[in-house]
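Here is what each chain is made of, one letter per residue.
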Amino acid sequence: CSRGAGSPFVTLLVWAAIVVGAASLVQGIAWLVGFEFDILAHGRGGSATLLAISITSLIWLMSRTRRPAAEFGLAVDDRWIGQIGAGFATGSVFAASWFGFLVTAGVVGQRGDIAWWEWFRAAGSGLAVFVVAFCSELIFRGYLLTLFRERHGAVVAAVISSLLFSFAIFFVVFLIRALSARLG
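Given the structure is predicted, the values throughout are model-derived calculations rather than measurements. (Residues numbered from 1 in each chain as written. Predicted model: local features only at pLDDT ≥ 70, side-chain atom pairs only at ≥ 80, totals over all residues. Heavy atoms only, no water.)

Asker: For this particular structure, what's the right way to read the overall build of the protein chain?
Answerer: Counting its regular elements, the protein chain contains five helices and zero strands. Written out in order from the N terminus, the α and β elements of the protein chain read α-α-α-α-α. Sequence separation of at least 24 residues holds for 65% of the intrachain contacts in the protein chain that already meet a minimum separation of 6. Summed over its atoms, the accessible surface of the protein chain is roughly 13,100 Å², and 72% of this surface lies on carbon and sulfur atoms. (Helix = DSSP H or I, 4+ residues; strand = E, 2+ residues; numbered from the N terminus. Contact = heavy atoms within 4.5 Å. Areas by Shrake-Rupley, 256 points an atom, 1.4 Å probe, with all protein chains shown as cover.)

Asker: I'm lost on helix 2 (residues 46-64) in this one. Help?
Answerer: In an α-helix, one full turn covers 3.6 residues, which means residues spaced three or four apart are oriented alike. Along its 19 residues, helix 2 runs 27 Å from first to last C-alpha, staying within 8% of the 27 Å computed at 1.5 Å per residue. One or two steps after helix 2, the chain reaches R66, where phi turns positive at roughly 55°. (Expected span 1.5 Å × (residues − 1).)

Asker: Hey, could you run me through a nonpolar patch on the surface in this one?
Answerer: Together, L25, I29, L32, V33 and F35 make up a nonpolar patch on the protein surface, roughly 580 Å² of accessible area in all. Within the fold, F35 resides in the loop between helix 1 (8-32) and helix 2. (Patch = residues over 30% accessible without salt bridge, like charges linked within 9 Å, V, L, I, M, F, W, Y side chains within 5 Å. Salt bridge = Lys/Arg side-chain N within 4 Å of Asp/Glu carboxyl O.)

Asker: I keep staring at the nonpolar core and nothing clicks. Help me out?
Answerer: One broad trend across soluble globular proteins is that nonpolar side chains are buried collectively. Counting residues in hydrophobic clusters, the biggest one holds 22 residues, and the most contacted among them are W15, I39, L58, I139, L144 and L164. Looking at this core, the elements that each hand over two or more residues are helix 1, helix 2, helix 4 (116-152) and helix 5 (154-183). Among the elements that line this core, the one with the most residues is helix 4, at eight residues. (Core = buried A, V, L, I, M, F, W, Y, C linked by side-chain atoms within 4.5 Å. Buried < 20%, exposed > 50% of the residue type's maximum accessible area, 1.4 Å probe, protein only.)

Asker: I'm lost on the side chain of S57 in this one. Help?
Answerer: Checked against the element boundaries, S57 lands in helix 2. On the basis of relative accessible area, S57 is assigned to the buried category, the value being 7%. From its side chain, S57 meets the backbone oxygen of I53 in a polar contact 2.9 Å long. Among residues more than four places away in sequence, those in contact with S57 are W15, I18 and V19. (Polar contact = N/O pair within 3.5 Å; in protein donor to acceptor, adjacent residues only side chain to side chain.)

Encoded structure:
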């Protein structure tokens, strides 16, 4: 792929096909050799493997376009410390407010019998959220928004990438629930 070649939709479909194909291959090999492994499961490395496949294929596709990293939102300017601090503070306030609301509403609470290793598992899951958030920003606001903006303008690009993000989240959640119901 050269710079500017290929439709953003085609690029997105190629990326999805690579992820589905590689994930299916990994799952098939695991089943053939007799491993109890489910690439869609949150435990036993399934979701981590799927995330690694997704990130690796995305980076490979991005490198094939021969664009500077700044075009994907990966540029660091002189204000980066303040921007990271403001983003972290905003996210922390929102997360604390949401969690406080959930506790007040009685939706969540603290059990007294939580083992120490469960805290580490929860922390690991929490750190994985940052990786997923970074990847989704890179895909939807970096890569796709840039490609659509070049072809259709800023407003259309924002609308299309937002709709694709919403569809992707809905599709992934629906697919995981459907497969879990069938397999479980």
